[in-house]
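Architecture and fold: a report
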Amino acid sequence: MVRNILVPIDGSIHAQRALELAADLAARHEARLHVMHVLLRGDVPEELRALSERKDEREPAIAIGAGFVDASLPAEVLKDIATQLLERAEATAREHGAGAVETSWHEGDPARAILEQAREQGADMIVMGSRGLSDLEGLVVGSVSHKIAHLFEGSVVSVR
C-alpha cells in the first residue's frame, strides 16, 4: 500500500510529469505527498532564473547557448527559485487531488538529498523524472534517477 510519496522536482518537463503522476497516485491512495527540490547547481535555464526577482549583483550573466545562463547564482536567488518552484508544485498537486502536500528544499548532492529526505519522510515510493535539466553530464556520470533506482529500498517510478 502506498502511504508516503516523495517527488523531487527541478523545473524540467520530466519532473512536471512526475509531479502530476505522483499527485494522482497520492489522491487515489489517500497518501501523503512530499515535494522536494535540491538547489540548482551549474547552468540554470533562463525561464527558471526568471522565477527570482532578486537582482544579481555579479557581472552580467554570460549566455552559453540553448537557453542557459552562467549560473553561479547567489544562494538567495537559488532559494527564491526553489520557493517559486515548490509553490507552483504544491498548487499543481492540489489541482490533481492530492490532499496532504508538504514541500521542502535542500542543498547538496541531489541523489544523497533525495535518499535522505525519503528516509526522513518515511517514503515508500519515489516518483521522479527520468531526466532532469542536465544533458551530457547525466549520461557520463550517471543520472540521479538511476542512482535512486539502485539505492532506494522502496518503489521508484521513473517518468518520461
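A brief structural summary. (Residues numbered from 1 in each chain as written. Predicted model: local features only at pLDDT ≥ 70, side-chain atom pairs only at ≥ 80, totals over all residues. Heavy atoms only, no water.)

**Examining the sheet that holds strand S2 (residues 32–38)**
Rules: Think of it this way: DSSP has to see at least two bridges between two strands before they count as a pair. Only DSSP runs of H or I with at least four residues qualify as helices, and only runs of E with at least two residues qualify as strands; both kinds are numbered from the N terminus onward. To get an axis, fit a line to the C-alpha atoms, keeping to the stretch in contact for a helix; angles then go from 0 to 180 degrees between the N-to-C directions. In what follows, a contact means two residues having at least one pair of non-hydrogen atoms within 4.5 Å.
Read across the sheet, five strands follow the order S6-S2-S1-S7-S8 without closing on themselves; strand pairing throughout is parallel. A strand with exactly one partner marks an edge of an open sheet, and here the two such strands are strand S6 (101–106) and strand S8 (155–159). Strand-to-strand twist of the sheet, defined as the mean angle between neighbouring strand axes without regard to direction, takes the value 20°. Strands strand S1 (4–9), S2 and S6 of the sheet are contacted by helix H3 (residues 75–95), whose axis makes an angle of about 160° with S6.

**What about the packing of helix H4 (residues 110–121) against helix H6 (residues 144–151)?**
To be explicit about the condition: Working rule for angles: under 35 degrees goes down as roughly parallel, over 145 as roughly antiparallel, 65 to 115 as roughly perpendicular, anything else as oblique. Note: crossing handedness is left-handed where the near helix turns anticlockwise from the far helix by less than a right angle, and right-handed where it turns clockwise.
Across the interface, H4 lies against H6 with an axial gap of 9 Å and an inter-helix angle of 40°. By the angle class used here, H4 and H6 are oblique. The crossing of H4 and H6 is right-handed. Only Val-144, Lys-147, Ile-148 and Leu-151 of H6 make contact with H4, whose side of the interface consists of Pro-110, Ala-111, Ile-114 and Leu-115.

**Notes on the pattern of salt bridges**
To keep things clear, this is the line we draw: Whenever a carboxyl oxygen of Asp or Glu lies within 4 Å of a side-chain nitrogen of Lys or Arg, that contact is scored as a salt bridge. Only protein chains enter the area calculation, which uses a 1.4 Å probe; residues under 20% of their type maximum are buried, those over 50% are exposed, and those in between are partly exposed.
The final tally for this structure, using the stated rule, is two salt bridges. Of the charged contacts in the structure, one is a salt bridge between Arg-32 and Glu-102, with a shortest N-O distance of 3.0 Å. Taken together, the residues span a long stretch of sequence, with Arg-32 in strand S2 and Glu-102 in strand S6 at a distance of 70 residues. The partly exposed category is assigned to Arg-32, whose relative accessible area is 21%.

**Comments concerning the packing of helix H1 (residues 13–29) against H3**
Any two packed helices are characterised by the angle at which their axes cross and by the distance between the axes. Our working definition: Each residue gets one of three labels, nonpolar for Ala, Val, Leu, Ile, Met, Phe, Trp, Tyr, Cys and Pro, charged for Asp, Glu, Lys and Arg, and polar for the others, Gly among them.
The geometry of H1 relative to H3 is characterised by a closest axis approach of 8 Å and an angle of 40° between their N-to-C directions. The angle between the axes of H1 and H3 places the two elements in the oblique class. H1 and H3 meet at a crossing whose hand is right-handed. On H3, the residues that touch Gln-16, Leu-19, Glu-20 and Ala-23 of H1 are Ala-89, Thr-92 and Ala-93. For the contact of H1 with H3, a count of residues per class yields four nonpolar, two polar and one charged.

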